[in-house]
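Architecture and fold: a report
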Amino acid sequence: MDYSVTSSKKRIAVLLVGTLVLLALLILRVTYIQVFMAGWLKKGAEDQRFRAVSILPRRGTIYDRQGFELAISIDAESVFAIPKEIGIEDTVINNRGRKVSYINKGKSQKAKVAQIVGGVLGLDPAKIEQAISKQASFVWIKRRATLEEIELLRKVLKEEKIHGIEISQSPRRFYPQNTLAAQLLGIAGIDNQGLEGLEKHLDSYLRGIPGSDRAEFDTLGHHIPQGERRYQPPVAGDSVYLTIDRNIQFIVERELEKAVNDTKSKRGMSIVVNPQTGEILAMASYPTFDPNKFNEYPAANRRNPLVSDMYEPGSTFKVFTAAAALEEGKVSPESTFFDPGFIVVDDRRLKCWKAGGHGSQNFVEALENSCNPVFATLAMRLTKERFYDYIKAFGFGTPTGVDFPGESPGMLKHLNQVKNVELANIGFGQGISVTPLQMVMGVSAIANGGYLLKPQLVKEIRGEDGKVKMSFKRQVVRQVISSKTSALMRQMMESVVTNGSGNKAYLPGFRVAGKTGTAQKVVAGKRGYSELIASFVGFAPADNPQLLAMVILDEPGSNIKYGGVISAPVVGNIFRDALRYLGVKPQLEPDTVAKIEEETVTVPQVLNQRVVEATQQLKRVGLDYRIIGEGNVVFEQVPKGGTSAQRGTKVLLYLNPEAKYTNHRTDKVVVPDLQGLSSAQCESILGQLGLRMQGSGSGVVVNQSPESGKLIDYGGTVTVTFR
Amino acid sequence: MKRNPPDLFLLLVTLTLLTLGLIIVFSASAPESLRITKGANVFHYGLRQLFFAAIGVVFMFIAAKFPYNNWRRLSPLILLTSVAFLIIVLFVSEDIKGSHRWINLGFFNFQPSEYAKLAIILILAHYITEIKKGITTLMVGVIIPFIFVGFICLLILLEPDLGTAMVIFATFMILIFAGGARLSHLAFLTLFGVTAAMVLVIIEPYRFKRLIAFLDPWKDPRGDGWQIIQSLYALGSGGPLGMGLGMSRQKFNYLPEAHTDYIFSILGEELGLLGTVTVIMLFFLLAWRGYKIAISAKDTYGKLLATGLTSYLIFQALLNIGVVTSSIPVTGITLPFLSYGGSSLMVSLLSVGILLNISKSCE
């Protein structure tokens, strides 16, 4: 027993020591893990349970120069209305006895919609009604609604069959003016990335900084209750104020669309700038697209050719030849030339556009006539080196640096390739490729005293708080010609409009200067120069240019394709409305007034008038007329009211009620005769005229107020009684 | 006969471990409690553990009063019931994660293998005391008890529960070692044990994978390495001072068995190195008091019984902490006094009660 007990005690002591050693090893191990490996292990654990949700910042708004919204971002969980679509679905029994559903957009329906929506969202129904009755394509109802409100509203809208109230559950880009300035604005993708146009170019400002919501999650994706939450709010993008003026842009697009349709052109382009500052006031190309549903349009419509496409300018380029030659003293306005209809350069006969030539003419007349041989001569007098210096100084061959993606530098022939024939050609605008924007900036330099300016598209960039972060000022690239040459050029270009090929841009009361161009165009797949580009670039007032506009009609399909005939009047129309909008006072000089009164008259506005009254009015001012179609009210007139026309011009009066009608919101509207018409007919006619109807009774119209023929403001109301 | 007061130091160490264990079980089991009660009771497991602890403490005090030599007569009966339970469990238990370890008694799940540990210790201590010098012979000292123990281990391996089988086999070896078996015999047994373990590992693909995962857990972090990595993440996140009581993140589904096998990792995450070293030190104190009782026990049976009880508790602790610190391959073993589990807790406390009784008659 003794032996065994001693042995036992020893062996148990061994166990104790062994245990001690093992536990000590575990202490070392735990220390190693919890002290030396702790940082790395902790990070591993955090990496697996922390998950960050990126929060998209709100994309900055794009405004025009006046602060009109051109591109806005719609928040998630927001409610907005499309006023013109507001209505409640209803059914009616049609004349075949079938139930037909339609959207009733009446006034009482709007009130009901306002009542319902206001009730759900906790807003004042009167204010909503006011908002959805506005003449706007988009109004906010509530910018940040709760998920419960959204859910309830969605249900109620469905139950009540309400149309025109929309819910946005994810942030998205919206272009409230639809097609206006679409190519300029471009498009932004669903994840707040600018894809095209200014949205792309200014993306770094508009984008903002994404926020993040970092929180701890268990393996099943649930929040860990005591977990940390690290919230980093997003920073909204900056807002951009463009130099674009919404109203001028609207005028330009309207005129361009009409011109393209009238001349059956493939495409029309226009830029309006302030030649004194280099600010682009409007830039448009037609056909265009609606960035809200850009997928529905051909991709080509999204291009902005004014910046990215080159063309051969043709005769409009002659102003640069003229300016350079004047500046260099190679010619003076009084210099005389004789044009036999061609010029021989190195054994090549370069023809003038006018068969037989212009004969004897001074330099001013040569520009009025756009005489090719004269400008070929001037180019050769300048020598190619000197002429190229001017061409480059006017900005050709280099991008203008405008804030827009994909700008083309244009294309100049290498000086080594320019022999006399090429030089003569460039003298009248052939064998050189330029962008429309380069042209406009070049002509601005001629018009503004000789300064080539950097074109400005962005006026200001403002932070979310509205503070100006960056503003863009007039930027002179260089002075190209002296102010004296500039003044001379202005006069000469004015006489192009008053006496020469640009007379269709003539605007009574305003001094318009300009230059026409009909250039030839190489079309892929066709031989030689098969199509034309008709352009006109002009500025007004000629002595102190405030606006400079260029219109280019690409591949016109009309019988007459001269720039002076088809493009110049478009510029004239743009100037007429834009100058009036800008409040530029007409300058009436005594001698020109006399001339105007003698030779031209202002076409009266006879739209919506009875034929008898319209014809009498035309006769009174000395105009002839021709009636086309049947009916008793004038639905369309050519030329338009307010334009100037030569005494005795035939004004076309269209009576067909189906004829396309375009309205000018600023115009007064003549109240049409509604006697005997049904309610639907009245609404259709008044709607086309931009008038509202307030009806009582049912049946056909027996009484109306104001009576037909009265002038009332666009948007006014006509009260009619049915019986 | 000389009567000493029971070893109050051992009682204090035990109650400290028990209290610490209860606190950590309440914390670590909270997410699982919510999950199993569908959010109704965050204390589901904690309260159960508290209940088992209360019963266990009662058992401990009864055992402390119960003269330990009486266990000698009871031990054959205890062994027989234990074997019966081990056979029954193979047939009546539910399949939980591929094993059959618990008999559902309605109010709690009884784990026969925990009971078997105690039974083996009681019977072996009795047997070795009876054979006296026979312990040095191969047949009587080694082979006969080996057949008994081997049979029990085989039953447990059928559940299958390699960890408990290892604990029982190791306790057997420690007991015959303390009882005076020849070292050559023990060397032979060790060789056998290691070989058997290796064979068992190799024939069972999941055990082999665990072994491989232990060597490089980051080779398959989402699969076999997951548990080891999450355990280390928990310990590492705790650092020296811990994230604070109740602040464990790893218990939220990242670390499986957070309140049972891996309770030590959660303790390390919440209480840091301070907590883990404290627990290891408490087990060291437990070993010290337990083996001291064994050394100074007045008779051979008391010595062997104390050695067996101390050894099996300490061996489990070493194994468990070794596993969760990725020091040894993964074996499913709970940490005495700390892991959630009624059978284990009650048997552990009962064991301490027996130790306290032995301490009363120490020389």
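Residues numbered from 1 in each chain as written. Chains lettered and ligands numbered in written order. Predicted model: local features only at pLDDT ≥ 70, side-chain atom pairs only at ≥ 80, totals over all residues. Heavy atoms only, no water.

1. Some words on the side chain of Glu368(A)
Residues and elements named next belong to chain A. Where we set the bar: Secondary structure elements are taken from DSSP: a helix is a run of H or I of four residues or more, a strand is a run of E of two residues or more, and numbering for both begins at the N terminus. Here's how the labels work: a residue is buried when its accessible area is under 20% of the maximum for its type, exposed when over 50%, partly exposed in between, all with a 1.4 Å probe on protein chains only. What qualifies as a polar contact is a pair of N or O atoms within 3.5 Å, subject to a donor-acceptor requirement within protein and to the restriction that residues adjacent in sequence count only when both atoms come from side chains. The contact definition used throughout considers only heavy atoms, calling two residues in contact when any of these lie within 4.5 Å.
Checked against the element boundaries, Glu 368 lands in helix H12 (residues 363-369). Since its relative accessible area comes to 11%, Glu 368 is described here as buried. Looking at Glu 368, its side chain comes within polar contact range of the side chain of Asn 499, at 3.4 Å. For Glu 368, the contacting residues outside a window of four places in its chain are Ser 495, Val 496, Asn 499, Gly 500 and Ser 501.

2. Some details on the pattern of salt bridges
As a reminder of what qualifies: Whenever a carboxyl oxygen of Asp or Glu lies within 4 Å of a side-chain nitrogen of Lys or Arg, that contact is scored as a salt bridge.
Counted according to the given criterion, the structure contains 32 salt bridges over all chains. Salt-bridge contacts for Asp554(A) lead to Arg267(A); the nearest nitrogen and oxygen are separated by 3.4 Å. On the criterion of sequence distance, the pair formed by Asp554(A) in strand S26 (residues 547-554) and Arg267(A) in strand S14 (residues 267-274) is long-range, its members being 287 residues apart. Residue class for Asp554(A) comes out buried when judged on its relative accessible area of 2%. Taking relative accessible area as the criterion, Arg267(A) reaches 19% and is therefore assigned buried. Between Lys251(B) and Glu270(B) there is a salt bridge; the shortest N-O distance is 3.2 Å. In this pair, Lys251(B) sits in the loop between helix H10 (226-238) and helix H11 (263-296) while Glu270(B) sits in helix H11, placing the two residues 19 residues apart along the sequence. Take Lys251(B): its relative accessible area is 7%, and that puts it in the buried class. If you follow the salt bridges from partner to partner, you end up with Arg59(A), Arg173(A), Glu199(A), Asp203(A) and Arg207(A) in one network.

3. Focus on a nonpolar patch on the surface
As a reminder of what qualifies: Residues enter patches when their relative accessible area tops 30% and they take part in no salt bridge; the joining distance is 9 Å for like charges and 5 Å for the nonpolar side chains Val, Leu, Ile, Met, Phe, Trp and Tyr. What sets the accessible areas is the Shrake-Rupley method with a 1.4 Å probe; for residues, cover comes only from the shown protein chains.
Together, Val194(B), Met198(B), Ile202(B), Phe208(B), Ile212(B) and Leu215(B) make up an exposed nonpolar region whose accessible area comes to about 580 Å². Secondary structure elements with two or more residues in the nonpolar patch: helix H8 (183-203) and helix H9 (205-215) of chain B.

4. A short note on the interface of chain B and chain A
Our working rule: Buried surface area refers to the total accessible area, computed with a probe of radius 1.4 Å, that the two partners give up upon joining, counted for both partners together.
Chain B puts 56 residues into the contact, and the matching count from chain A is 41 residues. Across the chain B/chain A interface, buried area totals approximately 4,200 Å², and carbon plus sulfur atoms make up 69% of it. Looking at the side of chain B facing chain A, the largest losses of area belong to Arg249(B), Tyr254(B) and Leu318(B), adding up to 15% of the total buried there. Our count for the contact surface shared by chain B and chain A stands at 1 salt bridge. Note that Glu216(A) is salt-bridged to Arg249(B), the shortest N-O span being 2.6 Å. Across the chain B-chain A interface, the total number found is 15 residue pairs in polar contact (both at pLDDT 80 or more).

5. Digging into the pairing of S26(A)
Residues and elements named next belong to chain A. Rules: Strand pairing follows a simple DSSP-based rule, namely that at least 2 bridges must link the two strands.
Along S26, 8 of the 8 residues are buried, which leaves the element largely enclosed by surrounding structure. Here S26 shows a buried face lined by Leu 547, Ala 549, Val 551 and Leu 553 and a second buried face lined by Leu 548, Met 550, Ile 552 and Asp 554. Note that S14 and S26 share 7 bridges and pair antiparallel. Counterpart to Val 273 in the pairing with S26 is Leu 548.

6. Considerations on the packing of helix H9 (residues 246-263) of chain A against helix H19 (residues 568-582) of chain A
Residue and element names in this part refer to chain A. Rules: Fitted lines through C-alpha atoms give the axes, limited to the stretch in contact for helices. The angle between two N-to-C directions lies from 0 to 180 degrees. Any angle between 65 and 115 degrees counts as roughly perpendicular, while under 35 counts as roughly parallel, over 145 as roughly antiparallel, and the rest as oblique. With the far helix as reference, a near helix turned anticlockwise by less than a right angle produces a left-handed crossing, and one turned clockwise produces a right-handed crossing.
Relative orientation of the contacting elements H9 and H19 amounts to 160°, with a least axis distance of 10 Å. Our classification of the angle between H9 and H19 gives roughly antiparallel. In terms of crossing hand, the pair formed by H9 and H19 is right-handed. Residues Asn 247, Ile 248, Ile 251, Val 252, Arg 254, Glu 255 and Ala 259 of H9 form the contact with H19, whose own contacting residues are Val 570, Asn 573, Ile 574, Arg 576, Asp 577, Ala 578, Tyr 581 and Leu 582.

7. Focus on the nonpolar core
Condition: Definition of nonpolar core: a set of buried residues of the types Ala, Val, Leu, Ile, Met, Phe, Trp, Tyr and Cys, connected through side-chain atoms within 4.5 Å.
Counting residues in each nonpolar core, the largest one holds 127 residues, and the members touching the most others are Ile152(B), Phe264(B), Phe283(B), Leu305(B), Phe337(B), Leu338(B) and Ile354(B). Val307(A), Val374(A), Tyr390(A) and Val421(A) belong to the second-largest nonpolar core, a separate cluster that totals 96 residues.

8. Description of the environment of Ser75(B)
All names here are of chain B. With respect to the helices and strands, Ser 75 occurs in helix H4 (residues 70-92). For Ser 75, a relative accessible area of 0% gives the class buried. If near-sequence neighbours (up to four positions away) are discounted, Ser 75 is found in contact with Leu 122, Ile 123 and His 126.

9. Here we look at the sheet that holds strand S36 (residues 717-722) of chain A
Residue and element names in this part refer to chain A. Across the sheet, 3 strands lie side by side as S33-S36-S34; this open sheet has mixed pairing. Among the strands making up the open sheet, the edge pair consists of strand S33 (692-696) and strand S34 (701-705). The sheet shows a mean angle of 25° between the axes of neighbouring strands, taken without regard to direction. Where S34 meets S36, 4 bridges bridge the pair, whose relative direction is antiparallel. Along S36, the bridge assignment pairs Gln 704 with Val 720.

10. Focus on helix H5 (residues 112-131) of chain B
Residue and element names in this part refer to chain B. Spelled out, the test is: Expected span of a helix: the number of residues minus one, times 1.5 Å.
In a regular helix each residue adds 1.5 Å, so 20 residues correspond to 28 Å; H5 covers 28 Å between its end C-alpha atoms and thus fits that length. Counted residue by residue, H5 has 18 buried out of 20 residues, so it is predominantly covered. Of the residues one or two after H5, Lys 132 is the one with positive phi, at around 50°.

11. Structural notes on the side chain of Asn274(A)
Residue and element names in this part refer to chain A. Inspection of the secondary structure assignment puts Asn 274 in strand S14. Exposure remark for Asn 274: the relative accessible area of 15% places this residue in the buried category. If near-sequence neighbours (up to four positions away) are discounted, Asn 274 is found in contact with Glu 279, Leu 281 and Gln 546.

12. Re unusual backbone geometry
For the bond running from Ala540(A) to Pro541(A), omega is -15°, close enough to zero to count as cis. Tracing the chain through its elements places Pro541(A) in the loop between strand S25 (529-540) and S26. Although it is not a glycine, Ser370(A) adopts a positive phi angle of roughly 55°. You can see Ser370(A) is positioned in the loop between H12 and helix H13 (372-382). By relative accessible area, which is 3% here, Ser370(A) ends up buried. Here Lys132(B), not a glycine, exhibits a phi torsion of approximately 50°, which is positive. Among the structural elements, Lys132(B) can be located in the loop between H5 and helix H6 (138-158).

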